[in-house]
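# Remarks on the overall topology
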Amino acid sequence: MKKLFVSVVALLAVCSLSAQDVKTIYNEGAAAYGAKDYKTAAAKFEQVIDQGMDAEDAASLVATAKSALPKCYFQLGGRAMMAKPADYDVALANFTKGAELAELYGDDAQATKCKGYVAKVYQIRGGTAFNAKDYAAAAAIFEKGYEADPNNTEMALNLAMSYCEMGEFEKGMDIYEAVAAKTHPKYQADAAKAKEMMALYTNNKVAALQGAGDFDAIIALADAQLAKNPASPLFQLVRVQAYLGKKDYAKVIETAPAAAEAQTDEADKSTVYYQLAAAYNAREQRDQAIAAFKKVTAGPAAEAAKAALAELQK
C-alpha cells in the first residue's frame, strides 16, 4: 500500500505544472504574439489559462493570458478578412470566438470590437444579395450582423430597407426608429437618412391605404408604431391626417396639439396646425380655426392657411 501511495504522489507531481513552467509557456506565447504568429500565441495562452489555474503564483500570468487570448482571435479574424481572396468563414469564426472569450473574461471593449467585425463580415456577405435586390436573403444575413452590432448604422439602414421592400413594414420601422434615435454626431448622416426613409415608406403605405379609403387601417398602423414610440413625430402626424380624412374632427382636435408639439420640422408642425384648423372650421368653431391657422407659418400649407384666414376674417 505504501508503495502505491508513493506512485500516485509521483504521478501528481508529473501532471502538475509549477509557476515557472507556466511562465515558460507564457513567454513562448508572448514571443509568438510579438512575431505576429497569432495561432501559436493563442494555443500557448490557452495552455497558460488551462494549466496555470492550479499553479502557485501564476495568477498574474493567467490574467494576462486571458486579456491577450481574445486579441489573438481578433488578429486571426482580421488576417483572414484581409487575405486575397478573403476567407470570410475563417474571419467570422475567429471574430466570434474572440467576442465570446472577451465576454467570458470581462473585457467589454474587446468584445465590442470583435462584434463590430462580426457585423462587418455579415454586412459584406449580405451586400451581394442586397445589391441583387434579393431582400429576403439580404435580411436573413443582415439580421445576424445587426444582432452582433446594432451600432453599424449603414448595415441597419440596409436591413430596414430589406424589410420594407419585403412588405415587413413594422420590422423596417423598428430599425429605422432605432437609427433615427441616435444622437452622437458620428451617426448624424445615417439618422437623417433613417428619418427620410421612414417618411418615404410610410407615405407610400399611407397613400395605398388612402387610395382604398381605409383610414382605420392607417390609424391602426400609426397606433401600433406609437405604442412602441409614443414620441414619434411622423406617426403622430400620420394619425392626425387619417382622422381628418375620416372626418373624425373630434379626434383631430384631441390629438393635433400634442402632435404639433412633437414635430421637429417647422413645415410638419405647420401641417398639423393646418389640419387642426380644418377640423375646427368643419365644426364651425371660427375663433379656434383662426387661432390654429395663424400657427401655420412654414411649408406648403402656409399659403393655403393665409387664404383661409382671409376668408374667415372677412
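Just so it is clear, the model here is predicted, and its values are computed rather than measured.

Cut-offs used in this document
Residues numbered from 1 in each chain as written. Predicted model: local features only at pLDDT ≥ 70, side-chain atom pairs only at ≥ 80, totals over all residues. Heavy atoms only, no water. Helix = DSSP H or I, 4+ residues; strand = E, 2+ residues; numbered from the N terminus. Rg over C-alpha atoms; globule rule 2.2 N^0.38 Å. Buried < 20%, exposed > 50% of the residue type's maximum accessible area, 1.4 Å probe, protein only. Core = buried A, V, L, I, M, F, W, Y, C linked by side-chain atoms within 4.5 Å. Contact = heavy atoms within 4.5 Å. Expected span 1.5 Å × (residues − 1). 1 Å grid on protein atoms, 1.4 Å probe; cavity = no way out; pocket = protein on both sides within 12 Å on 5 of 7 lines; lining within 4 Å. Points joined across faces, edges and corners; volume = space filled by probe spheres on them. Nonpolar A, V, L, I, M, F, W, Y, C, P; charged D, E, K, R; others polar. Phe/Tyr/Trp six-rings, centres within 6.5 Å; stacked < 30°, edge-to-face > 60°. Arc of directions from axis to C-beta. Salt bridge = Lys/Arg side-chain N within 4 Å of Asp/Glu carboxyl O. pLDDT = per-residue confidence, 0-100. Axes fitted to C-alpha atoms, helices over the stretch in contact; angles between N-to-C directions. Parallel < 35°, antiparallel > 145°, perpendicular 65-115°, else oblique. Left-handed = near helix turned anticlockwise from the far one by under 90°.

### Things to note about the overall build of the chain
Summing up its helical and strand segments, the chain has 16 helices and zero strands in all. Computed over the C-alpha atoms, the radius of gyration of the chain is 31 Å, more than 25% above the 20 Å expected from 2.2 N^0.38 for a compact globule of 314 residues. Viewed in the frame of its principal axes, the chain has a C-alpha envelope of about 115 × 40 × 35 Å. Going through the 314 residues of the chain one by one, you find that 40% of them count as buried.

### Observations regarding the nonpolar core
Across soluble globular proteins, you tend to see nonpolar side chains buried next to one another. Of all hydrophobic cores here, the largest spans 60 residues; its most connected members are Met 173, Tyr 176, Phe 235 and Phe 293. Here Phe 235 is in contact with Phe 169, Met 173, Glu 177, Met 198, Thr 202, Leu 221, Ala 222, Gln 225 and Leu 226, once residues within four sequence places are set aside. Within the second largest apolar cluster, 21 residues are counted, among which are Tyr 38, Ala 42, Ala 55 and Cys 72.

### A short note on helix H5 (residues 88-104)
Every α-helix carries 3.6 residues per turn, so stepping three or four residues along brings you back to the same face. When the terminal C-alpha atoms of H5 are compared, their 24 Å separation across 17 residues agrees well with the 24 Å that a helix rising 1.5 Å per residue should span. What H5 keeps buried is the set Ala 91, Leu 92, Asn 94, Phe 95, Gly 98, Ala 99, Leu 101 and Ala 102. The secondary structure elements touched by the buried residues of H5 are helix H4 (59-82) and helix H6 (108-131). Where H5 ends, the next residue or the one after it, Gly 106, has phi of about 80°, a positive value.

### Considering the layout of surface pockets
Counted as a void, the largest pocket has a volume near 590 Å³. Lining the largest pocket are 20 residues, and of these Lys 195, Pro 233, Leu 234, Gln 263 and Thr 264 sit closest to its centre. Of all the secondary structure elements, the ones that give two or more residues to the lining of the largest pocket are helix H9 (169-180), helix H10 (188-211) and helix H12 (233-245). Classifying every residue of the lining of the largest pocket gives ten nonpolar, six polar and four charged.

### Here's the deal with the packing of aromatic side chains
Considering all chains together, one arrives at ten aromatic pairs under this definition. Ring geometry for Phe 95 and Tyr 117: centres 5.3 Å apart, planes at 35°, overall tilted. Highlighted residues: Phe 95 in helix H5 and Tyr 117 in helix H6, separated in sequence by 22 residues. Look at Phe 95 and you get buried, because its relative accessible area is 0%.

### Brief notes about helix H16 (residues 301-312)
With twelve residues, H16 extends 16 Å from end C-alpha to end C-alpha; this agrees with the ideal 16 Å at 1.5 Å per step. Considered for burial, the residues of H16 that qualify are Ala 301, Ala 302, Ala 305, Ala 308, Leu 309 and Leu 312. Along the axis of H16, the buried residues cluster in a sector spanning 125°; they form a single face. Counted as exposed and oriented over 90 degrees from the buried face of H16: Glu 303, Lys 306 and Glu 311. Here the buried face of H16 lies against helix H14 (266-282) and helix H15 (286-293).

### Digging into the pattern of salt bridges
Going through the model one piece at a time under the given rule, you end up with 14 salt bridges. Glu 46 serves as the salt-bridge partner of Lys 97, at 3.9 Å between the closest nitrogen and oxygen. Of this pair, Lys 97 sits in helix H5 while Glu 46 sits in helix H3 (residues 38-52), placing them 51 residues apart in sequence. Exposure remark for Lys 97: the relative accessible area of 34% places this residue in the partly exposed category.

### What to know about the confidence of the model for the chain
Of all residues in the chain, 94% have pLDDT values of 70 or greater, and the mean over the chain is 93. Throughout residues 1-15 the model reports pLDDT below 50, and contacts reaching past four residues in sequence, or to other chains, amount to zero contacts.

### Things to note about the packing of H12 against helix H13 (residues 249-262)
For the pair H12 and H13, the least separation of the axes is 9 Å and the interaxial angle reads 160°. Accordingly, the angle class assigned to the pair H12 and H13 is roughly antiparallel. Judged by the twist between their axes, the crossing of H12 over H13 is left-handed. Seen from H12, the contacting residues are Pro 233, Gln 236, Arg 239, Val 240, Tyr 243 and Leu 244; seen from H13, they are Tyr 249, Lys 251, Val 252, Thr 255, Ala 256, Ala 258, Ala 259 and Ala 262.

### Considering unusual backbone geometry
Pro 85 follows Lys 84 through a cis peptide bond whose omega is 0°. Among the secondary structure elements, Pro 85 is positioned in the loop between H4 and H5. Located in the positive-phi region is Lys 36, a residue other than glycine, with phi close to 65°. Positionally, Lys 36 belongs in the loop between helix H2 (19-34) and H3. Owing to a relative accessible area of 53%, Lys 36 belongs among the exposed residues under this scheme. Located in the positive-phi region is Glu 284, a residue other than glycine, with phi close to 60°. With respect to the helices, strands and loops of the structure, Glu 284 is situated in the loop between H14 and H15. The exposure class assigned to Glu 284 is exposed, which follows from its relative accessible area of 71%.

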